[in-house]
Amino acid sequence: MSQDLPKRRQIYEGKAKVLFEGPEPGTLVQYFKDDTTAFNAEKHEVMDGKGVLNLRISEYIFAELEKDGVPTHFIETLGPREQLVREAEIIPLEVVMRNVAAGSLVKRLGLSEGETLPRPLIEFYYKDDALGDPLISEDHIAVFGWCSAEELDEITGLARKINKRMSALFEAAGIRLVDFKLEFGRVQDGGAQRIVLADEISPDSCRLWDMQSNEKMDKDRFRQDLGGMVDAYQQVAARLGLTSDI
Ligand code: UDP
């Protein structure tokens, strides 16, 4: 599958996406690559077709969240791998919501994978690859000024709302939303600044388990060498009703 890059000025290249200058000031083109990385990019592979699936799944989730009143950076889809988005000043936090124990939480606290948490748990990580995205507290965010107290309240409220909406969407597709990562940014609206959901929401950034079999349908298939990662993403898209247009 072709990964032809847009003929635009490149602003930033990340592990799974590239950002290009958009057609209007204040816009960017977000391009989804097939590159798949884990363990802070120590493990890397190109998975044919992954970028197209992630764009489609992310676009669908962002649209559903917008309908629910969550402001996002998404403007429109330009092609199978390209989205037009609002340029946002990214807040250097990875906001993780968890419903079920898995991944680093299990290791850190000695829980068993698959335990349902008493209530959804929100965690903050400092977004810095060189430091390996360390877990931080709300007080770290305040002391180092990564965002204001008002912004953190807004982000926390949005993350909880997003978790409710996404849990319902996936449950209707027979999928348990175990955990996921969000990123937020600031955009200028007239004179005012507001928080929007940015980046992507896809099986690269969520843990998704089949409700019947508990089979993993997310990037853990790559992290844990289970195979069939793109097939699993395809299955997620199909269950969300998105395959006819991929
Ligand atoms: N996650 C992510 N990017 C990261 C770290 C985590 O998208 O840099 C997602 C991950 O896919 C999972 C959730 O955030 O859905 C929680 O990840 P965890 O802290 O358990 O870390 P991991 O075990 O993935 O290293």
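All values reported here derive from a predicted model rather than from experimental measurement. (Residues numbered from 1 in each chain as written. Predicted model: local features only at pLDDT ≥ 70, side-chain atom pairs only at ≥ 80, totals over all residues. Heavy atoms only, no water.)

Even after reading the chapter, I still don't get the overall build of the protein chain, so can you show me in this structure?
Assigned secondary structure in the protein chain consists of 6 helices and 14 strands. Rg of the C-alpha trace for the protein chain: 17 Å, near the compact-globule value of 18 Å for 246 residues, within the 12% margin. Taken along its principal axes, the extent of the C-alpha atoms in the protein chain is 50 × 45 × 35 Å. Looking at the protein chain as a whole, 52% of its 246 residues are labelled buried. Partitioning the contacts of the protein chain with sequence separation of at least 6, the portion at a separation of at least 24 is 58%. When the 31 positive and 44 negative side-chain charges of the protein chain are each reduced to one mean point, those points stand 2 Å apart. (Helix = DSSP H or I, 4+ residues; strand = E, 2+ residues; numbered from the N terminus. Rg over C-alpha atoms; globule rule 2.2 N^0.38 Å. Buried < 20%, exposed > 50% of the residue type's maximum accessible area, 1.4 Å probe, protein only. Contact = heavy atoms within 4.5 Å. Lys, Arg positive; Asp, Glu negative; His and termini not counted. Charge placed at Lys NZ, Arg CZ, Asp CG, Glu CD.)

Sorry if this is basic, but what is going on with helix α4 (residues 149-172) here?
In a regular helix each residue adds 1.5 Å, so 24 residues correspond to 34 Å; α4 covers 35 Å between its end C-alpha atoms and thus fits that length. Buried within α4 we find Glu 151, Leu 152, Ile 155, Thr 156, Leu 158, Ala 159, Ile 162, Asn 163, Met 166, Leu 169 and Phe 170. Where α4 terminates, the next one or two residues include Gly 174, which has phi positive at roughly 75°. (Expected span 1.5 Å × (residues − 1).)

Is there a simple way to think about the packing of helix α1 (residues 50-67) against helix α6 (residues 229-239) in this case?
The description of two packed helices rests on the angle between their axes and on the distance between the axes. Running from amino to carboxyl end, α1 crosses α6 at an angle of 25°, the nearest separation of the two axes being 10 Å. What the angle tells us is that α1 and α6 run roughly parallel. In this structure, α1 crosses over α6, and the sense of that crossing is left-handed. On α6, the residues touching Lys 50, Leu 53, Asn 54 and Ile 57 of α1 are Met 229, Val 230, Tyr 233, Gln 234, Val 236 and Ala 237. (Axes fitted to C-alpha atoms, helices over the stretch in contact; angles between N-to-C directions. Parallel < 35°, antiparallel > 145°, perpendicular 65-115°, else oblique. Left-handed = near helix turned anticlockwise from the far one by under 90°.)

How should the site of the ligand be read in this particular structure?
Among the 16 residues in the neighbourhood of the ligand, the closest are listed as Arg 98, Ser 104, Asp 179, Arg 207 and Arg 223. Within the side chain of Glu 94, one N or O atom sits 3.1 Å away from an oxygen atom of the ligand. For the ligand, the accessible surface in isolation is 510 Å², of which the surrounding protein chains cover 78%. Class assignment of the residues belonging to the shell around the ligand gives a composition of 5 nonpolar, 3 polar and 8 charged. (Near = heavy atom within 4 Å. Polar contact = N/O pair within 3.5 Å; in protein donor to acceptor, adjacent residues only side chain to side chain. Areas by Shrake-Rupley, 256 points an atom, 1.4 Å probe, with all protein chains shown as cover. Nonpolar A, V, L, I, M, F, W, Y, C, P; charged D, E, K, R; others polar.)

In this structure, what is going on with the sheet that holds strand β3 (residues 27-32)? I would like to understand it.
Two orientations exist for strands paired in a sheet by backbone hydrogen bonds: parallel and antiparallel. Pairing is antiparallel across the open sheet formed by 5 strands, whose spatial order is β1-β2-β3-β7-β6. Each end of this open sheet is capped by a strand with a single partner; those strands are β1 (10-13) and β6 (74-79). With strand direction ignored, the average angle separating the axes of adjacent strands in the sheet is 25°. Against the sheet, α1 makes contact with β3, β6 and β7 (82-86), and its axis sits at roughly 150° relative to β6, the strand it touches most. (Pairing = 2+ DSSP bridges.)

Purely geometric stuff here, so don't read any function into it on its own.
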